[in-house]
Amino acid sequence: EPEVTQTPSHQVTQMGQEVILRCVPISNHLYFYWYRQILGQKVEFLVSFYNNEISEKSEIFDDQFSVERPDGSNFTLKIRSTKLEDSAMYFCASSRGTATEAFFGQGTRLTVV
Amino acid sequence: GQQVMQIPQYQHVQEGEDFTTYCNSSTTLSNIQWYKQRPGGHPVFLIQLVKSGEVKKQKRLTFQFGEAKKNSSLHITATQTTDVGTYFCAGLPMKTSYDKVIFGPGTSLSVIP
């Protein structure tokens, strides 16, 4: 069964450093998403991406964040200068169309120290 | 802003008892999705409801979408230990971008064998 894959599974970084979280969405999906889940809390929408551009973003997704689809398969989330409060599980998801089932990856646990 | 709330936050049940979680939106929804997240896992899509008053069943799980399309419920009959996890509803508000699904805070279910 096709799945969304994320790497790395765990990333530890120093405050102020840049991190890139990587995702390979399901191949025939057209919509890509990043979500964040702080430990024990709800899943929060960060950004959606379609047709090589951001289609929607939340208040959390400020200038420190950027997304990119550098080739036909990868979808990345970059945090330019990490803060302690960026520590969370980051989930990538993809879907075939709008308002359809989203498939989530296993997540990347980001720890900022 | 638009909010999706869920109650209860936590529920502990004896195996075999029933369980219900309720989801309420501050605005009318185009559709609502339900996801299950096992401890340490990622959200997994369960179902999507679109029509006002819609009821769908998956084995022991029954999902309802309210007539006003502002609330939803998930009912599990005769819980089993495999039902343990956090159940999230995720609503797509009407008159917004199709990409910005709002997750509720989740109901964490524990099942005592």
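Residues numbered from 1 in each chain as written. Chains lettered and ligands numbered in written order. Predicted model: local features only at pLDDT ≥ 70, side-chain atom pairs only at ≥ 80, totals over all residues. Heavy atoms only, no water.

Engineer: I would appreciate a short explanation of the sheet that holds strand β3 (residues 19-24) of chain A in the present structure.
Structural biologist: Paired through backbone hydrogen bonds, the strands of a sheet run either parallel or antiparallel to each other. Residue and element names in this part refer to chain A. Read from one edge of the open sheet, 4 strands run β1-β3-β8-β7, paired in antiparallel fashion. Either end of the sheet is taken by a strand with one partner, and the two such strands are β1 (5-7) and β7 (65-68). Each adjacent strand pair in this sheet contributes to an overall mean axis angle of 20°, direction not counted. (Pairing = 2+ DSSP bridges. Helix = DSSP H or I, 4+ residues; strand = E, 2+ residues; numbered from the N terminus. Axes fitted to C-alpha atoms, helices over the stretch in contact; angles between N-to-C directions.)

Engineer: It is not clear to me how the pairing of strand β11 (residues 108-112) of chain A should be interpreted in this structure. Could you clarify?
Structural biologist: On a regular strand, one side chain projects to one face of the sheet and the next to the other, so that they alternate. All names here are of chain A. Burial along β11 is one-sided: the residues Thr108, Leu110 and Val112 are buried and none of Arg109 and Thr111 is. Strand direction decides the pairing type here: strand β2 (residues 10-13) and β11, joined by 4 bridges, are parallel. Within β11, the position partnered with Thr13 by the bridge is Val112. For strand β9 (residues 88-95) and β11, the ladder comprises 3 bridges, and the chain directions are antiparallel. Residue pairing for β11: Tyr90 is matched across the bridge by Thr108. (Buried < 20%, exposed > 50% of the residue type's maximum accessible area, 1.4 Å probe, protein only.)

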